Every structure is written in structure tokens, then in C-alpha cells.
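Fold and geometry: a report
The chain contents come next:
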Amino acid sequence: ALLCFTSRRSGRARTERMGNELCACFGEGGQIDNDTPSDSKLLQRFKAKLKQGLQCTKISKDRPQTEIKIVLHEPGTLKFSGVDKDVSGDPECADEQISVMGIRQATDPDPHMAHFAGSQVLRDNLDPRQAMKAFILEGPNKKMINLVAKSDAEAQLMITGFKLLFAEARKE
């Protein structure tokens, strides 16, 4: 996909090649959509991606970092599976209803620790320069799943998609 913008210095239009991460969720067939997609379109595309599965790295307090796949199953359940190893014994990877979940970016304030961002697990295990790739899925009973996407752009797509998904589930 291409990103078109005007340079502030020269005032000339420039075209830059972008990674496929941005178009993988919101673009279709390599087409550039100049209109801003509506939330319902974004949600529809995110759900389609999530049903196929999204991969990211899970960071835990007392377990090694693990590559996991998050899949949306009907009716409204997120399932977590290990890419290279079994995570069925990990309580953070238990299935969860989307209607009771929330999401925070790693740069958002930590509700459990005033004056800090993210979560204790991310602060202890993640280089601060990687914070834009990280986010926290929150479930009932203080369940927190600390995740890191492959890129900043992919993290933003997941954060936006999960926010829309959880908001829709709470309306129903």
C-alpha cells in the first residue's frame, strides 16, 4: 500500500511504501480507500481477521514469553492458543466472553498503580521503547493479559478493533 502526504519542508507531494500490516485489517485487495472507514466497517474487517486469528506475544509475571493466537469464536468468546506450545494450563489464556473484557494501551495510566502507565508486568519485562507495541486485555476478577504486537501499526489496529468489538458486545 502507498501512503501519500505533503512534505512540510519542500511542500511537494511524496509517496511512501507502507507495510502490509495496515492494509491487512482495514484495506482490501491492495485498494487505497481515500474515505475514512466507518466504525462499523472497521469492526466488520477486524472481526473477519480475528476469526482467522491474530498472533502476538504474551508476557506474564511468572511464565516465559509465549507466542499466542487470539481467535474470535461465536457466540462472542475469545479463545487463546499457543503458536508453538500448549497454553491450556495458563489461567491468563482461558476462554473469555468479550462482553466482560476491556483493553488498555501500555501507555495508558495503570488503574492499579497511580502515576504509572501500562501494567507491573510490562514495566518489569518490556523495554520502554517497545511500549507502543504493547497493550493489556482486561477481564473479570482482575485478569490481565499483557500482549505485544509485531509492530506499532499492528498494535494500533488491534487496540482500535478490540475497543470497537468490546463496545459492541456490551451494547447487546
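To start, this report covers the structure provided alongside it.

Rules used throughout
Residues numbered from 1 in each chain as written. Predicted model: local features only at pLDDT ≥ 70, side-chain atom pairs only at ≥ 80, totals over all residues. Heavy atoms only, no water. Helix = DSSP H or I, 4+ residues; strand = E, 2+ residues; numbered from the N terminus. Buried < 20%, exposed > 50% of the residue type's maximum accessible area, 1.4 Å probe, protein only. Contact = heavy atoms within 4.5 Å. Areas by Shrake-Rupley, 256 points an atom, 1.4 Å probe, with all protein chains shown as cover. Polar contact = N/O pair within 3.5 Å; in protein donor to acceptor, adjacent residues only side chain to side chain. Salt bridge = Lys/Arg side-chain N within 4 Å of Asp/Glu carboxyl O. Pairing = 2+ DSSP bridges. Core = buried A, V, L, I, M, F, W, Y, C linked by side-chain atoms within 4.5 Å. Axes fitted to C-alpha atoms, helices over the stretch in contact; angles between N-to-C directions. Phe/Tyr/Trp six-rings, centres within 6.5 Å; stacked < 30°, edge-to-face > 60°.

1. Some words on the overall build of the chain
Of the regular secondary structure elements, the chain holds four helices and nine strands. Of the regular secondary structure in the chain, the N- to C-terminal order runs β-β-α-α-β-β-β-β-β-α-β-β-α. With 172 residues in all, the chain has 40% of them scored as buried. Counted over contacts in the chain with a minimum sequence separation of 6, partners at least 24 positions apart contribute 46%. Counting only carbon and sulfur atoms, one obtains 50% of the accessible surface of the chain, whose full area is about 10,400 Å².

2. Quick word on the side chain of Lys58
Structurally, Lys58 can be placed in strand 3 (residues 54-59). Classification of Lys58 as buried rests on a relative accessible area of 1%. Separated by 2.5 Å, the side chains of Lys58 and Ser60 make a polar contact. Residue contacts for Lys58: discarding those within four places in its chain leaves Pro64, Gln65, Thr66, Ile68, Asp90, Glu92, Cys93, Ile145, Asn146 and Leu147.

3. Quick notes on the pattern of salt bridges
Following the criterion strictly, the structure yields eleven salt bridges and no others. Here Arg63 ties to Asp90 by a salt bridge, and the two come within 3.6 Å at their closest N and O atoms. Placement of the pair is Arg63 in the loop between strand 3 and strand 4 (66-73) and Asp90 in the loop between strand 5 (77-82) and strand 6 (96-97), with a sequence separation of 27 residues. The exposure class of Arg63 is partly exposed, given its relative accessible area of 37%. Here Glu67 and Lys150 are joined by a salt bridge, their closest N and O atoms 3.9 Å apart. With Glu67 in strand 4 and Lys150 in the loop between strand 9 (144-148) and helix 4 (152-171), the pair connects residues that are 83 residues apart, well separated along the chain.

4. Here's the deal with the pairing of strand 3
Among the six residues of strand 3, five are classified as buried, and the element is accordingly described as predominantly covered. In this sheet, strand 4 lies alongside strand 3 in antiparallel orientation, the contact comprising five bridges. Each residue of the ladder has a partner; that of Thr57, found in strand 4, is Glu67. Here strand 3 folds back onto strand 4, and the loop between the two strands holds six residues. Judged from the three bridges that link them, strand 3 and strand 9 form a sheet pairing that is antiparallel. What sits directly across from Ile59, in strand 9, is Asn146.

5. Observations concerning the nonpolar core
The biggest cluster of nonpolar side chains holds 29 residues, and the ones touching the most others in it are Ile70, Leu78, Phe135, Leu137 and Phe162. Elements supplying a minimum of two residues to this core: helix 2 (39-52), strand 3, strand 4, strand 5, strand 8 (134-138), strand 9 and helix 4. The dominant element in this core, judged by the number of residues it contributes, is helix 4, at eight residues. Ignoring sequence-local partners within four residues, the contact set of Phe162 consists of Phe46, Leu50, Ile70, Leu78, Ile103, Phe135 and Leu137.

6. Some remarks on the sheet that holds strand 4
Read across the open sheet, the seven strands follow the order 6-5-4-3-9-8-7; overall the sheet is antiparallel. The strands lining the two open edges of the sheet, one partner per strand, are strand 6 and strand 7 (102-105). As judged from the four bridges shared by strand 7 and strand 8, these two strands associate in the antiparallel manner. The residue of strand 8 that forms the bridge with Gly102 is Glu138. Along the sheet, helix 4 makes contact with strand 3, strand 4, strand 5, strand 7 and strand 8, crossing strand 7 at roughly 150°.

7. Focus: the packing of aromatic side chains
Overall, the coordinates contain three aromatic pairs when judged by the stated rule. In this structure an aromatic cluster arises from ring pairing among Phe46, Phe135, Phe162 and Phe166.

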